[in-house]
Amino acid sequence: RFIAKPCAINLGIQDSGPHRAQPNAILEKVFTAITKSPDGRRLEGLSKQLDWDMRKIQRWFRHRRNQDKPSTLRKFCESMWRFTFYFTIFLYGIRFLWTAPWFWDTRQCWYNYPFQPLTSRLYYYYILELAFYWSLMFSQFTDIKRKDFLIMFVHHLATIGLITFSYMNNMVRVGTLVLCLHDASDFLLEAAKLANYAKYQRLCDAFFMLFGVVFIVTRLGIYPFWILNTTVFESWELIGPYPSWWLFNGLLVTLQVLHIIWSYLIVRTAYKALVRGKVSKDDRSDVESSSEEEDVTCSTTKGALSTSSNGSNRINGHVAAGQWTEE
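Residues numbered from 1 in each chain as written. Predicted model: local features only at pLDDT ≥ 70, side-chain atom pairs only at ≥ 80, totals over all residues. Heavy atoms only, no water.

The name given to the chain in an unreviewed UniProt entry is CERS5 synthase, with the source organism recorded as Eubucco bourcierii. For the record of the chain, the UniProt heading Catalytic activity (unreviewed entry) holds the text "sphinganine + octadecanoyl-CoA = N-(octadecanoyl)-sphinganine + CoA + H(+)". (UniProt positions renumbered as here; feature names shortened; annotations may be inferred.)

The next subject is unusual backbone geometry. In this model, Y113 is joined to P114 through a cis peptide bond whose omega is 5°. Tracing the chain through its elements places P114 in the loop between α6 (101-104) and α7 (120-139). One non-glycine residue, D51, lies in the positive phi region at around 60°. Within the element layout of this structure, D51 appears in the loop between α3 (40-50) and α4 (54-66). Owing to a relative accessible area of 71%, D51 belongs among the exposed residues under this scheme. At N112, a residue that is not glycine, the phi angle is positive and equals roughly 60°. Looking at the secondary structure, you find N112 in the loop between α6 and α7. Residue class for N112 comes out exposed when judged on its relative accessible area of 55%. (Helix = DSSP H or I, 4+ residues; strand = E, 2+ residues; numbered from the N terminus. Buried < 20%, exposed > 50% of the residue type's maximum accessible area, 1.4 Å probe, protein only.)

A separate point is the confidence of the model for the chain. Residues at a pLDDT of 70 or more form 80% of the chain, whose mean pLDDT is 79. Taken as a whole, residues 286-327 scores under 50 in pLDDT and shows 115 contacts with residues more than four places along the chain or in a different chain. (pLDDT = per-residue confidence, 0-100. Contact = heavy atoms within 4.5 Å.)

Once that is clear, we can look at the nonpolar core. Grouped together as the largest cluster of nonpolar side chains are 54 residues, with contacts concentrated most on L97, Y223 and F248. Looking at this core, the elements that each hand over two or more residues are α5 (72-98), α6, α7, α8 (149-168), α9 (172-197), α10 (201-239) and α11 (245-276). If you tally residues by element for this core, the top one is α9, at twelve residues. In contact with L97, other than residues within four places in its own chain, are W102, F103, W104, T176, L177 and C180. Membership of the second largest hydrophobic core comes to eleven residues, among which are F31, L43, L46 and L50. (Core = buried A, V, L, I, M, F, W, Y, C linked by side-chain atoms within 4.5 Å.)

It is worth spelling out the environment of R173 at this point. Structurally, R173 is set in helix α9. Separated by 67 residues in sequence, R173 and T106 have C-alpha atoms that sit 8.9 Å apart. Those residues in contact with R173 that lie beyond four places of it in its chain are W102, Q108, C109, Y111, Q116 and P117. In this structure the side chain of R173 is engaged in a polar contact, spanning 2.8 Å, whose partner is the backbone oxygen of Q108. (Polar contact = N/O pair within 3.5 Å; in protein donor to acceptor, adjacent residues only side chain to side chain.)

Written out as structure tokens, the structure is:
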């Protein structure tokens, strides 16, 4: 409210939501009680009933679907908050772990286990991360529902479970490594979103490409060969198969499966960017276009009816804000 919003306004982001649909009792009843995306037959029936052009009815439904979505200003403020948290907690984690012996030698995570002291810096690092992921768990149900909703839900569950489980079992040393590793790329994605909302397309593309490189290196390289190696093999060697070994490593492997899925989506988006010359819509996003250009480019009724909600919406030659960068 006091920092992000003034920044957005200075960047030219207006507090205006999507175009609101013209009030119509019949269409509103169909929208709320029957379907939000009517098929061709229903559109034809509504066209005869209202004496409206079918494309006008389709446009009304698209505007009605979009009008409840948050404005670019609101999304900018949310991304700026997340960027601030991710960047701050990552710097805190790096500064804290730089002097920690287990950061340089992962076998130190298991020496003298479980009789390892819990310092105040460790405690605050853990409690802040746990609180933040709980907030993401709840806010996911109020945000725009996206294609990876279930994957994100599983991710938040696994993360909260890992943080809580490792804290209760005093596995905080290896837990700090997992947390810091995940924070390394998250703030770059939020930075790309901020640039996208402000319509700095080249900066947006650069941040996204950097995010993709860091994500793949950390999640497909460092995580399995550094984190999983110590939790699976080094822990077994140094302290033996402790009772919760299977559960702990099961959650960590679940995260790795999610990393592979997201890496595939990132690579696919990057490939499309190379082919088209710019970053396109994120394959995880389920955001609709609210531009009138979509109707102008539809030369036939069939084209209008088959317009996908994943269609590319351009503004001044750039990708519209809120497309590929939506989580």
